[in-house]
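Each chain, letter by letter, is given below.
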Amino acid sequence: MKKTGIILALCLLAAFVSGCDFLRTVAGRPTSEYIEAKRQVVELQEQRIKAAADSAANAERIAREAAEHEVAAAAALDRLNRESRIVSVSRIYNIDKSSLSSRYYVMIGSFSSVENASALAEQIRAAGFEAVLLPYRNGRNAVALDPTDDVVRIEASLRKALDCSFCPADAWILAVE
């Protein structure tokens, strides 16, 4: 009996010293190492699911914003056309189309003197706008501001410029097809 007690005490001591993993292994249960690896796999799967959901929500938000921008762009074009503020570059035969890098320009003035055009461009820059000189084939220089490819932005630039002292009331938008 003494032998059995000693063996039992040694087995308990070995189980206590080696931790629960010994008993789990003997019982055919998963060890703490396996449980930790499984927890990491589950955590990674949850992260992937969350990333996919975030990506889907982000794609949905981008699509909604694009649709809203398309509606705003159509409305801006409609307003500008009703006000006769937008002119197609095809109607301006004197302009060098190769010098146009953006789709829209707010046209402020045209000068035969480069110095006068540059002086207006400086006033425009001082007011916080981007100013560009567009050469005409006949030697004149047009002064334009805030070139952009976005019709909503160009309409906002026109409205803002109309409140400035340098901007004539008949400023208009040049549209490059």
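Description of the structure in this document. Remember, predicted model here, so these are calculated numbers, not experimental data.

Details of the overall build of the protein
So, step 1. Of regular secondary structure, the protein possesses 5 helices and 5 strands.
So, step 2. Starting at the N terminus and walking to the C terminus, you meet the elements of the protein as α-α-α-β-β-α-β-β-α-β.
So, step 3. The C-alpha radius of gyration of the protein comes to 37 Å, more than 25% above the 16 Å expected for a compact globule of 177 residues.
So, step 4. Structurally, the protein occupies a C-alpha span of about 120 × 35 × 30 Å along its principal axes.
So, step 5. Counting every position in the protein, which comprises 177 residues, the buried fraction comes to 29%.

A few points about helix α4 (residues 114-126)
In an α-helix there are 3.6 residues to a turn, and that puts residues three or four apart on one side.
So, step 1. The terminal C-alpha atoms of α4, which comprises 13 residues, lie 18 Å apart, in line with the 18 Å expected from a rise of 1.5 Å per residue.
So, step 2. Among the residues of α4, those classed as buried are A117, L120, A121 and I124. Buried residues of α4, seen end-on, are gathered within an arc of 105° and therefore sit on one face of the element. Pointing more than 90 degrees away from the buried face of α4 are the exposed residues E115 and A126.

Notes on helix α5 (residues 151-162)
So, step 1. Taking 1.5 Å per residue as the helical rise, α5 with its 12 residues ought to reach 16 Å, and the 16 Å between its terminal C-alpha atoms agrees with that figure.
So, step 2. If you check which residues of α5 are buried, you get V151, I154, E155, S157, L158 and A161. Burial along α5 is one-sided: seen end-on, the buried residues are contained in an arc of 160°.
So, step 3. Lining the buried residues of α5 we find α3 (32-82), β2 (104-111), β4 (141-148) and β5 (172-175).

Here's the deal with the pattern of salt bridges
So, step 1. A complete count under the given rule lists 10 salt bridges for this structure.
So, step 2. In this structure, E65 and R61 form a salt bridge, with 3.0 Å as the shortest nitrogen-oxygen distance. Taken together, the residues span about one helical turn, with E65 and R61 both in helix α3 at a distance of 4 residues.
So, step 3. A salt bridge links R85 to E83, with the nearest nitrogen and oxygen atoms 3.9 Å apart.
So, step 4. Take R85: its relative accessible area is 17%, and that puts it in the buried class.
So, step 5. The class for E83 is partly exposed, based on a relative accessible area of 38%.
So, step 6. Salt bridges here are not isolated pairs; linked through shared partners, they connect R79, E83, R85, E155 and R159.

Let's talk about the nonpolar core
So, step 1. Ranked by internal contacts, the top residues of the largest apolar core, which has 24 residues, are I108, I124, L145, F166 and I173.
So, step 2. Of all the secondary-structure elements, those providing two or more residues to this core are α3, β2, α4, β4, α5 and β5.
So, step 3. Once residues lying within four places of it in the same chain are set aside, the contact partners of I173 are L80, R85, I86, V87, Y104, Y105, V106, I154, E155 and L158.
So, step 4. Formed by 14 residues, the second largest nonpolar core is a distinct cluster that contains I95, V132, Y136 and A142.

Description of the packing of α3 against α5
So, step 1. Following both chains from N to C, one finds α3 and α5 inclined at 45°, their axes separated by 8 Å at the closest point. Judged by the inter-axis angle, α3 sits oblique to α5. Two packed elements cross with a definite hand, and for α3 against α5 that hand is left-handed. Counted together, H69, A72, A73, A76, L77, R79 and L80 of α3 and V151, V152, E155, L158 and R159 of α5 form the full contact between these two elements.
So, step 2. When its residues are assigned to classes, the contact of α3 with α5 shows 8 nonpolar, 1 polar and 3 charged.

Procedures and definitions
Residues numbered from 1 in each chain as written. Predicted model: local features only at pLDDT ≥ 70, side-chain atom pairs only at ≥ 80, totals over all residues. Heavy atoms only, no water. Helix = DSSP H or I, 4+ residues; strand = E, 2+ residues; numbered from the N terminus. Rg over C-alpha atoms; globule rule 2.2 N^0.38 Å. Buried < 20%, exposed > 50% of the residue type's maximum accessible area, 1.4 Å probe, protein only. Expected span 1.5 Å × (residues − 1). Arc of directions from axis to C-beta. Contact = heavy atoms within 4.5 Å. Salt bridge = Lys/Arg side-chain N within 4 Å of Asp/Glu carboxyl O. Core = buried A, V, L, I, M, F, W, Y, C linked by side-chain atoms within 4.5 Å. Axes fitted to C-alpha atoms, helices over the stretch in contact; angles between N-to-C directions. Parallel < 35°, antiparallel > 145°, perpendicular 65-115°, else oblique. Left-handed = near helix turned anticlockwise from the far one by under 90°. Nonpolar A, V, L, I, M, F, W, Y, C, P; charged D, E, K, R; others polar.

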